[in-house]
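Coordinate analysis (summary)
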Amino acid sequence: MNAIVEIAGQQYEVAPNLKLNVPHLKGNSGDKISFNKIFLITDGENINVGTPTISGIVNATILEHGKDKKILVFHKKRRKGYKKLNGHRAVYTRIQIDSIDA
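Below: a short report on this structure. A quick note: this is a predicted structure, and the numbers were derived from the prediction, not measured.

Below, the discussion takes up the sheet that holds strand E2 (residues 10-14). Across the sheet, which stays open at both edges, the four strands sit in the order E2-E1-E5-E6 with antiparallel pairing between neighbours. In this open sheet, the two strands that pair with only one neighbour each are E2 and strand E6 (46-54). Sheet twist, expressed as the average angle between the axes of neighbouring strands with direction ignored, equals 15 degrees.

Right, dumping it as structure tokens:
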């Protein structure tokens with residue numbers, strides 16, 4: 001069983017026992033969280049598309065919080081001698097999908 005769910009403003013395709021990185025969510029490691037904005041559920045041959053959403057819950061567990069690789073942002077204006085280097089590391093939360101209840 002697969003589903004397309006909105007997590008922190010982005011859509012993800014999820015399945016039971018799937019681990020994925022999502023934008024930072026509130027909570028500690030080991031906390032249970034649930035998502036109720038389900039847009040599509042597939043169960044083998046059956047496809048259920050919401051208009052706009054389907055009533056159901058996707059349960060997940062927070063595994064850890066972390067930071068991604070550093071992203072460098074370089075600005076330059078030619079012939080002016082202007083150079084600027086900035087960077088940032090996006091914060092993410094690693095979750096594991098426990099169940100999909102439709």
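Next comes the rest of the description.
Time to look at the pairing of strand E1 (residues 2-7). Because side chains alternate across E1, one face comprises the buried residues Ala3, Val5 and Ile7, and the other comprises Asn2, Ile4 and Glu6, none of which is buried. Relative to strand E5 (residues 38-43), E1 runs antiparallel, the two being bridged by four bridges. Looking across to E5, one finds that Ala3 is bridged to Ile41. Across five bridges, E1 lies against E2 in antiparallel orientation. Residue pairing for E2: Ile7 is matched across the bridge by Gln10.

What follows is about the environment of Val91. Within the secondary structure, Val91 sits in strand E10 (residues 91-101). As for Val91 and Leu18, which are separated by 73 residues in sequence, their C-alpha atoms are 20 Å apart. Among residues more than four places away in sequence, those in contact with Val91 are Pro23, His24, Gly66 and Lys67.

This part takes up the sheet that holds strand E3 (residues 19-23). Spatially, E3-E10-E7-E4 is the arrangement adopted by the four strands of the open sheet, whose pairing is antiparallel. At either end of the open sheet lies a strand with only one pairing partner, and these are E3 and strand E4 (32-35). Along the sheet, successive strands turn relative to each other by an average axial angle of 45 degrees, direction set aside. Here strand E7 (residues 57-67) pairs with E10 via ten bridges, running antiparallel. Bridged to Ile57 within E10 is Asp101.

The rules behind the values
- Residues numbered from 1 in each chain as written.
- Predicted model: local features only at pLDDT ≥ 70, side-chain atom pairs only at ≥ 80, totals over all residues.
- Heavy atoms only, no water.
- Pairing = 2+ DSSP bridges.
- Helix = DSSP H or I, 4+ residues; strand = E, 2+ residues; numbered from the N terminus.
- Axes fitted to C-alpha atoms, helices over the stretch in contact; angles between N-to-C directions.
- Buried < 20%, exposed > 50% of the residue type's maximum accessible area, 1.4 Å probe, protein only.
- Contact = heavy atoms within 4.5 Å.

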